[in-house]
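# Chains, contacts and geometry: an overview
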Amino acid sequence: MIKHKESLIAGWGNYPAEVCNVYRPDRVRDITELIASGAQPHYISRGLGRSYGDTALNHGSGVLLHTEFARFVHFDEQTGILECEAGVSFEEIIEHFLPRGWFLPVTPGTKFVTVGGAIANDVHGKNHHVDGTFSQHVLDFKLLLASGEIVHCSREEQSDLFYATIGGVGLTGVILTARFRLIPVESAYLEVDYLKAKNLDHAFELFAQTNEKYQYSVAWIDCLSKGDNLGRSVLMLGNHAPASKVKTGGDPLRIKNKPKFNVPFNFPSFVLNRWSIRAFNFAYYNIHQNEKSKIVDYDSFFYPLDSVHNWNRAYGKKGFVQYQAVFPPETSRQGLTEMLKRLSQSGRSSFLAVLKSSGEQNGGLLSFPFKGYTLALDIPLHDDGLFPFLRELDELVAAHGGRIYLAKDSEASPATFANMYPDLAKFQAVKAAVDPNNVFSSSQARRLGIVEESR
Ligand SMILES: Cc1cc2nc3c(=O)[nH]c(=O)nc-3n(C[C@H](O)[C@H](O)[C@H](O)COP(=O)(O)OP(=O)(O)OC[C@H]3O[C@@H](n4cnc5c(N)ncnc54)[C@H](O)[C@@H]3O)c2cc1C
């Protein structure tokens, strides 16, 4: 049987860090034998660990890495349908298929995620208002169940399992392979307009005016602005650029290699403080001007943070928390205003605050986005007072009919979570049918009461 390594691991926020028993299987049989052996009380899959909190952690239990399951299985050049193993990363997909004129249908703000992680968190991108989540482009996948059986899940076949697995944070089983549609593009570039909004109301107005015109939209918010300027922001609105607009002189489907940076060690936690964050926010807002039709390569547009490897170390040893909430349209203005005010009153600040408009909810039982607006904040963890503050934010979000995102969560309570996810009981029923002993469980799932404490 394969061996494990006891390791202290964390999500991208470096909080919490937990000792887990980490396995690196390289055959499906390794996983089935391991589960049958009962060597660990629970198992959870882990992709590239880009979730921020404890979604892919399993304190004192098994964590299954998917690095050895990273092969392309089949690509249909006519339809753009790609079949691959779940450990394939978005970076690898772009490297192989963008030069052939294909791009991801939906991508989060980093390309260092796996296909399995993207399905299990049902990730969204800057185009949720138009194209929905990643899973909406997934045709089907193969899922290894706790029983050792491998089932084929799609909207038609095993549909309950399909909808429990998209956004199901690895709790229904191990996704082995998936088939999804790539989109055709003429270039590796986007044509981007930048618009400055003087406050939150103005940002909402600009989103509403532009949502139909642009496939991708996102606003960076200066979360330290106050009063009439509260929520002042820079909107970045983009569409894939036609090849004719790319004047680089080379192949429009390729971009130039860019220098990569690395944060070699954890910065002291005082580096990112209220004053340095204020200076950054001020500079960022003022550097940007309203600008039209700028041609920007895909890496700079979708993945600005990926050029700095280990940028999470800039938050120091204690780490940071990313907090993301979505509000329905009717309460977005009030909820987000209150959230930004509370952040400012608490003396805390977010280096990056990102506002997006989101489209209709899909059928994923624990899938995060629904129609409205979503705000993500990165808050340094300087003291334990952060957690009571985040609980207050949870209450605020729930009171406005909103919900928080499991990929970012590390602190919510079971009651708040259940309140925010009305399909939790349906999810638990599907899980109980295929995994009555909770073979698949994570630290987060136990903390939130999605699964019971022990089997
Ligand atoms: C800089 C940055 C920007 C981001 N921007 C966005 C964004 O814009 N939108 C967004 O939605 N998210 C965003 N995220 C979050 C990220 O997209 C998700 O957390 C994603 O799921 C991470 O994928 P991963 O492969 O690293 O999975 P992990 O974080 O390792 O795991 C995530 C979940 O997937 C499960 N899982 C992984 N592989 C499998 C498998 N084979 N079978 C079953 N379950 C599996 C794990 O158990 C876990 O529950 C961002 C993260 C970062 C660091």
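Summarised in this report is the structure supplied together with it. Along every chain, residues carry numbers that run from 1 in the direction the sequence is written. Whole-chain, interface and lining totals are the exception, using all residues; otherwise, since this is a predicted model, local features are given only for residues with pLDDT of at least 70 and side-chain atom pairs are given and counted only at 80 or more. Water and hydrogen atoms were dropped before computing side-chain values, which therefore reflect all heavy atoms in the structure.

## Some points on the site of the ligand
Each residue is tested against the molecule or strand, and it is near if at least one of its non-hydrogen atoms lies within 4 Å. The local shell around the ligand holds 35 residues, among which Ser-45, Gly-47, Ser-51, His-124 and Tyr-405 are the closest. Here a polar contact is taken to be a pair of N or O atoms separated by no more than 3.5 Å, where protein atoms must pair a possible hydrogen donor with a possible acceptor and residues adjacent in sequence count only if both atoms sit in side chains. A distance of 3.1 Å separates an oxygen atom of the ligand from a polar atom in the backbone of Leu-48. Within the backbone of His-124, an N or O atom sits 2.7 Å from a nitrogen atom of the ligand. Taken together, the residues that form the shell around the ligand break down as 16 nonpolar, 15 polar and 4 charged. Note that the domain bounds reflect an automated or database-derived domain assignment. In terms of domain composition, the shell around the ligand takes at least three residues from each of domain 1 (73-160 + 169-185) and domain 2 (189-414). Gly is put with the polar residues, along with every residue not named as nonpolar or charged; the nonpolar set is Ala, Val, Leu, Ile, Met, Phe, Trp, Tyr, Cys and Pro, and the charged set is Asp, Glu, Lys and Arg.

## A word on the environment of Ser-154
Following the sequence through the fold, Ser-154 ends up in strand β9 (residues 150-154). For the pair Ser-154 and Val-138, spaced 16 residues apart in the sequence, the C-alpha separation amounts to 8.4 Å. By the convention used here, residues are in contact when the closest approach between their heavy atoms is within 4.5 Å. Once residues lying within four places of it in the same chain are set aside, the contact partners of Ser-154 are Leu-139, Asp-140, Ser-159 and Phe-162. For Ser-154, the side chain forms a polar contact with the main-chain nitrogen of Glu-156, separated by 3.2 Å. Think of it this way: any DSSP run of H or I at least four residues long counts as a helix, any run of E at least two long counts as a strand, and we number them from the N terminus.

## What about the nonpolar core?
Side chains of nonpolar character tend, in soluble globular proteins, to be buried together. If you look at the biggest cluster of nonpolar residues, it comprises 120 residues, and the most contacted ones within it are Ile-93, Val-115, Phe-134, Phe-141, Phe-180, Met-339 and Leu-355. Counting the residues that make up this core, at least three belong to each of domain 1 (73-160 + 169-185) and domain 2 (189-414). Those residues within four positions of Leu-355 in sequence are excluded, and the remaining contacts are Leu-200, Ala-203, Phe-204, Phe-207, Val-218, Ala-219, Ile-221, Leu-336, Tyr-373, Thr-374 and Leu-375. Of all hydrophobic cores here, the second largest spans 13 residues; its members include Ile-35, Phe-69, Leu-144 and Val-174. We define a nonpolar core as any set of buried Ala, Val, Leu, Ile, Met, Phe, Trp, Tyr and Cys residues linked to one another through side-chain atoms lying within 4.5 Å. Any residue under 20% of the maximum accessible area for its type is buried, any over 50% is exposed, and the rest in between are partly exposed; the area is computed with a 1.4 Å probe on protein chains only.

## Brief notes about the layout of surface pockets
Estimated volume of the second largest pocket: approximately 350 Å³. If you go around the second largest pocket, you meet 15 residues; those closest to its centre are Glu-95, Ile-255, Asn-257, Tyr-298 and Asp-299. Residue assignment for the lining of the second largest pocket shows that the elements contributing at least two residues are α2 (90-97) and α8 (298-302). With 3 residues, the top contributor of residues to the lining of the second largest pocket is α2. Looking at the lining of the second largest pocket residue by residue, the classes come out as 6 nonpolar, 1 polar and 8 charged. In this analysis a 1.4 Å probe is tested at points of a 1 Å grid over the protein atoms alone, and where it fits but cannot get out there is a cavity; an open set with protein on both sides within 12 Å along at least five of seven lines is a pocket; lining residues have an atom within 4 Å of a point. Grid points are joined across faces, edges and corners, and a volume is the space filled by probe spheres set on the points.

## Examining the packing of helix α9 (residues 329-345) against helix α10 (residues 386-399)
With their axes 10 Å apart at the nearest point, α9 and α10 run at an angle of 165° to one another. Here α10 runs roughly antiparallel to α9, going by the angle between their axes. Considering only the axes of α9 and α10, their crossing is right-handed. On α10, the residues touching Gly-335, Glu-338, Met-339, Arg-342 and Leu-343 of α9 are Phe-389, Glu-392, Leu-393, Leu-396 and Val-397. Residue composition of the contact of α9 with α10, grouped by class: 6 nonpolar, 1 polar and 3 charged. Angular values range over 0 to 180 degrees, each being the angle between N-to-C directions of two axes fitted as lines to C-alpha atoms, with helices fitted over their stretch in contact. Note on angle classes: values under 35 degrees are labelled roughly parallel, values over 145 roughly antiparallel, values of 65 to 115 roughly perpendicular, and the remainder oblique. Crossings are sorted by hand: turned counterclockwise from the far helix by less than a right angle, the near helix makes the crossing left-handed, and turned clockwise it makes it right-handed.

## Focus on unusual backbone geometry
Of the consecutive residues Tyr-15 and Pro-16, the connecting peptide bond is found in the cis state with omega at -10°. The phi dihedral of Val-169 is positive, around 40°, even though this residue is not glycine. Along the chain, Val-169 turns up in the loop between α5 (159-165) and β10 (174-181).

## Some points on the packing of helix α6 (residues 200-210) against α9
Where α6 meets α9, the axes come as close as 11 Å, and the angle between the chain directions of the two elements is 140°. Considered as vectors, α6 and α9 are oriented oblique to each other. Pair α6 / α9 crosses with right-handed handedness. Together, Leu-200, Asp-201 and Phe-204 of α6 and Ser-332, Arg-333, Leu-336, Thr-337 and Leu-340 of α9 make up the contact between the two elements. Taken together, the residues of the contact of α6 with α9 sort by class into 4 nonpolar, 2 polar and 2 charged.

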